[in-house]
Amino acid sequence: MKSLNSRRTRAIVVAIAAGSLALTGCSENKGGSSGKDSKEDQSKAAEQSKAVVYADAAASTGPAEEVAGAKSGGTVQVYQESGLTHLDPGQIYVSDAGQVANLLYRGLTNFEEDGKGNVSVVGDLATDSGKSSDGGKTWTYTLKDGVKDQNGNVITSADIRHTIERQYAAFIFDGPTYLQTWLSGPKYRDTLKDGGFGSKHLPATILDTPDAKTVVFHFDTARPDLPQTLAMPGYSVVPEKTDTKEKYDAAPVSTGPYKIAEYKVGKSMKLVKNENWDPKTDSVRHQYVDGFNFDFGVTESTQTSRLIADQGESKNAIQLTGGVEATQIQKVISDAAVNKRTIKGYQPYVMTLTFNLDRVKNKAVRDAITYGINSKSLIAGEGGAYGGDPAANLFAPTLPGYEASYDPYGRLKTPQGNIAKAKELLKDVPAAEKKLVYAYSNSEAGQKRKVAIEDALTKIGIDVVAKEVDSASYYEQIGKVKNPYDMYVTGWGQDWPSPGTVITPIYDGDQVADGSANYSHINDPKVQELIKKALTQEPTAAAVTWREAQHYILEKVNPAAPLWYTKQFQLYGSNIGGARYSTESSYIDITRLFLKS
């Protein structure tokens, strides 16, 4: 899961990949200690690590549990700095669009949380989280009765088949690829080049839809993580009758509690109630407010100022994925009335300075930068201890397998950068190899990062050529294999609690392609060997292999310098009710908001 800059008791199965989506301060978030003590924050994140539970039909039946004190009516104002890159579910893999997807779309499964750190996978379009057989190689889903899209069309298994097959089409390039590769291998596009829009479809031996309500997945090996995979927004249903291919990105069809009434790309979006959404079929989402008005282009500093002032429409406003702007944090935390309107939590993201290995081929250069980069100044721009902690490696504190003391480049000992060590590594490097193009987002955060990175790298002798990139399409631009940049800041968090959802998407050589999250283009035989080994192992053995893979990647290849582990600190208006930190999205839980008056 890319960073933007990102139950119940009747469970039947515990996910094998047990671990954590839990974050500090994830109860009702009435204000926590995040930022005061980084070690305490990380300890709490680890303590809250719990197995994700696979829920049964009873737990998957709506309506969702009522939010205490909830009222109906009104419109929530949403502030966001950048516009959305995509609205087509198949293209959604960035946290801001993921937040919007929670209001618009539904998939076979979904995550549900209880506000106490407990997370489960429930059936969403399906009656439950799925039934496995054949040693976990076969998974069967039955669709619920009465689920319709915004046009009143009943969702059938044909729509599910279409949703999966269109992921093979060339115009889908920015979403997750887990399911496609599990079904058809890394060259999955070659097996269904027209994405199911023609006469050819996936064979029943892979994807079977024997009747209008049944969907059966057949894999060549056990896939215990499938219920979590299907809960990703990128696998939300696209009804076959209304699919407009590339045009779908601008005018998608809703199956969730809200639908799009108006969308001005990069400027604004208005959501209104979807009358064809039935709460009895949905155990996760609510429809308390009449709608959401999104304002794009509102900087984090303006968002924060407006929400501190808490006047007019700002009383009804939230930050979508933005946080309290760094220079205004003290103003927020020193005012008890304002601080009461915040949520805080540890996020799953590790921010790295990722090297384009096709261009930065000298490992001495990559190592020098890793030693010399200044995490302290970068974190200061994120809000200091409220924005993050120095990262020592590629696994976040919320990820199973996290090693707090694993620090091969001394990032914890010298978070401000080891300039002497970096200069030593660069002393014999030709000048041409020390001139590097750095791509940065044209957001406020991107500007701050540019200043910090230019300053640190200049001190060690790197000639930095900074290139500005539009923030809304930032990941799309750096995601091109032939991109013209040497390095860029990227963030990644686990898609579900397994190191496999970190190592595989961003360090698997089979994933090098336009739109892939393998931004470094690493393609190393040893890494490939370890990934294949881990994916066939039971969790305990796999954990050892994933650990070996991380150590090899960071020490022997070094495709990305660890920068910081992220935290979230968001502010909302005084008339917002139901606000809490979502341990699944790592932002405000947008599915349960209401207006107090």
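How each quantity is defined
- Residues numbered from 1 in each chain as written.
- Predicted model: local features only at pLDDT ≥ 70, side-chain atom pairs only at ≥ 80, totals over all residues.
- Heavy atoms only, no water.
- Helix = DSSP H or I, 4+ residues; strand = E, 2+ residues; numbered from the N terminus.
- Rg over C-alpha atoms; globule rule 2.2 N^0.38 Å.
- Pairing = 2+ DSSP bridges.
- Axes fitted to C-alpha atoms, helices over the stretch in contact; angles between N-to-C directions.
- Contact = heavy atoms within 4.5 Å.
- Parallel < 35°, antiparallel > 145°, perpendicular 65-115°, else oblique.
- Left-handed = near helix turned anticlockwise from the far one by under 90°.
- Nonpolar A, V, L, I, M, F, W, Y, C, P; charged D, E, K, R; others polar.

Draft legend 1. Structural context of the overall build of the protein. When its secondary structure is counted, the protein shows 17 helices and 21 strands. At 23 Å, the protein has a C-alpha radius of gyration in line with the 25 Å of a compact globule built from 597 residues. Projected onto its principal axes, the C-alpha positions of the protein cover 70 × 55 × 40 Å.

Draft legend 2. Region of the structure containing the sheet that holds strand β12 (residues 291-296). As summarised here, the arrangement of the 5 strands in space is β10-β11-β12-β3-β13, forming an open sheet in which the pairing is mixed. Two strands bound the open sheet, and with one partner strand each, they are β10 (258-264) and β13 (317-319). When the angles between neighbouring strand axes are averaged without regard to direction, this sheet yields 20°. Where β10 lies against strand β11 (residues 268-273), 6 bridges are found, and the strand directions are antiparallel. When the sheet's bridge partners are listed, K259 is paired in β11 with V272. Running over the sheet, helix α7 (residues 300-309) touches β3 (75-80) and β13 and is turned about 145° from β13.

Draft legend 3. Structural context of the packing of helix α10 (residues 363-372) against helix α13 (residues 444-460). Between α10 and α13, whose axes approach to 10 Å, the crossing angle comes to 120°. Of the possible angle classes, the one that applies to α10 and α13 is oblique. Crossing handedness for the pair α10 and α13: right-handed. Counting all contacts with α10, which are made through A368, I369 and G372, the residues of α13 involved are A456, L457 and I460. The class makeup of the residues in the contact of α10 with α13 is 5 nonpolar, 1 polar and no charged.

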